[in-house]
Amino acid sequence: MTRIVVTGASGFIGSHLVDQLLAKGYDVIGIDNMRTGKKENLSNVRNNDRFRLLIADIRDEDLAIQIDDDVDAIYHLAAISSVSMSIEDPLLVNDVNTKGTVNILELARKLNAKRVVFSSSAAVYGDPEEMPVREDFALKPLSPYAASKIAAEMYIRSYSSSYGIDSTILRYFNVYGPRQAYSEYSGVVSIFTNHALSNEPIKIEGDGEQTRSFVHVSDVARATLLAGELNMAIGATINISGKDLISILRLAHLMKENVQGCKSEIVHVAPRLGDVQDSIGSMERAQKLLGFTPQIPLERGLQETSVWYRAHQDAK
Ligand SMILES: NC(=O)c1ccc[n+]([C@@H]2O[C@H](COP(=O)([O-])OP(=O)(O)OC[C@H]3O[C@@H](n4cnc5c(N)ncnc54)[C@H](O)[C@@H]3O)[C@@H](O)[C@H]2O)c1
């Protein structure tokens, strides 16, 4: 049995990864301090005797004592994953995302992990001039969040060369789906759906002509799992993006249509400072190294996501 650590296990993407790892027969130890993670995200696996959740901070230097035995791989997802939060409190975001990553790499060393998979972000590219974005494009951090992810990526690579820990870096584009938290800091799909469910105005920042590629969380979890299994992925940095671009205005209309009887108005507010115009990643490398392409079509995924939010009464 292979022992795996997942940091950020109670979070949106981490909890889907835990589900998929357990389904494949791995033993999983989750680490999460419950900052944005939720216990109910792990309700499917609560009684699985191959799963244990350690409620702890990734910056805690005594994590190895609490895990107490070697592990084979670490999937490092825990982070403060909000650009706006990083603009409000860059010191905290640096502490969790960068220093926390170094501490998890130390954990990998102490527990003799052979492999680390790191969840980075498309934010590292800033506002590229060309689409789709390839992994060899220049890094242009436009926020402290992006800078913290770039710094963490560099530490991940340095531990491969200094200590021989094999690593893969994944740069996620816009991820959506069930269990995505709903708050002012969360993703646009979660905000639009929750506003549509409560008949509140759906607010579009700017003209809504900016475009994004959305990728379903179960596809992202599958790609992440594969990145830790396949030798082809060792040493690689790989985009995980959706296949198609959709404008934010079109997304707002779709989300409204998905909620029967929705009375929300679609309104325009001031554009967000530093918002990128378009964002889609080249998926050539993911296809070549992981054999991965997203499987869930956007319209179906969005519809299922609305149904999930309604059932979980996350609407305000
Ligand atoms: N959701 C997206 O669209 C997206 C896009 C690009 C990159 N990412 C990255 O993917 C990863 C997972 O993101 P998510 O969307 O699931 O976010 P999330 O907030 O749902 O999950 C992050 C988890 O980390 C935990 N955490 C935060 N600080 C911690 C700490 N100090 N110690 C222990 N646990 C801590 C949180 O409680 C939470 O459960 C993050 O690294 C994020 O930056 C996400």
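Residues numbered from 1 in each chain as written. Predicted model: local features only at pLDDT ≥ 70, side-chain atom pairs only at ≥ 80, totals over all residues.

(A) View of the site of the ligand. Residues in contact with the ligand amount to 30 residues; listed here are only the nearest, Gly8, Gly11, Gly37, Ala79 and Ser81. Mapped by element, the contributors of at least two residues to the shell around the ligand are α1 (12-23), β2 (27-32), α4 (90-110), β5 (115-121) and β7 (174-176). Counting residues per element, the shell around the ligand draws most heavily on α1, which supplies 3 residues. Across the shell around the ligand, the residue classes break down as 13 nonpolar, 13 polar and 4 charged. (Near = placed C-beta within 6 Å. Helix = DSSP H or I, 4+ residues; strand = E, 2+ residues; numbered from the N terminus. Nonpolar A, V, L, I, M, F, W, Y, C, P; charged D, E, K, R; others polar.)

(B) Examining the domain arrangement of the protein chain more closely. Its domain assignment divides the protein chain into domain 1 (3-175 + 214-240) and domain 2 (181-213 + 244-279 + 296-311). Placing a centre on the C-alpha atoms of domain 1 and another on those of domain 2 gives a separation of 26 Å. Taken together, the contacts link 17 residues of domain 1 with 15 residues of domain 2. Every element with two or more residues in the side of domain 1 that touches domain 2 is listed here: α3 (83-88), β10 (214-216) and α7 (217-229). Among the elements that line the side of domain 1 that touches domain 2, the one with the most residues is β10, at 3 residues. Tallied by class, residues from the side of domain 1 that touches domain 2 come to 8 nonpolar, 7 polar and 2 charged. (Domains from an automatic or database assignment. Contact = placed C-beta atoms within 7 Å.)

(C) Fine view of the sheet that holds strand β14 (residues 278-279). Spatially, the 3 strands line up as an open sheet ordered β12-β9-β14, and their pairing is mixed. Both edges of this open sheet fall to β12 (246-247) and β14, since each of them pairs with a single strand only. When strand β9 (residues 211-212) meets β14, the two strands line up parallel, connected through 2 bridges. Its bridge partner lying in β14, Arg212 is registered against Ser279. (Pairing = 2+ DSSP bridges.)

(D) Local environment of the pairing of strand β1 (residues 3-7). Burial analysis of β1 places 4 of its 5 residues in the buried class, the great majority of the element. Bridging between β1 and β2 involves 5 bridges; their strand directions are parallel. Bridge assignment links Val5 to a residue of β2, and that residue is Ile29. With α1 bridging β1 and its parallel neighbour β2, the resulting β-α-β unit is right-handed. Bridge count between β1 and strand β4 (residues 73-76): 4 bridges; the pairing is parallel. Looking at the pairing, Ile4 lines up with Ala73 of β4. (Buried ≥ 20, exposed ≤ 12 C-beta atoms within 10 Å, placed from the backbone. Right-handed = clockwise from strand over helix to strand, strands pointing away.)

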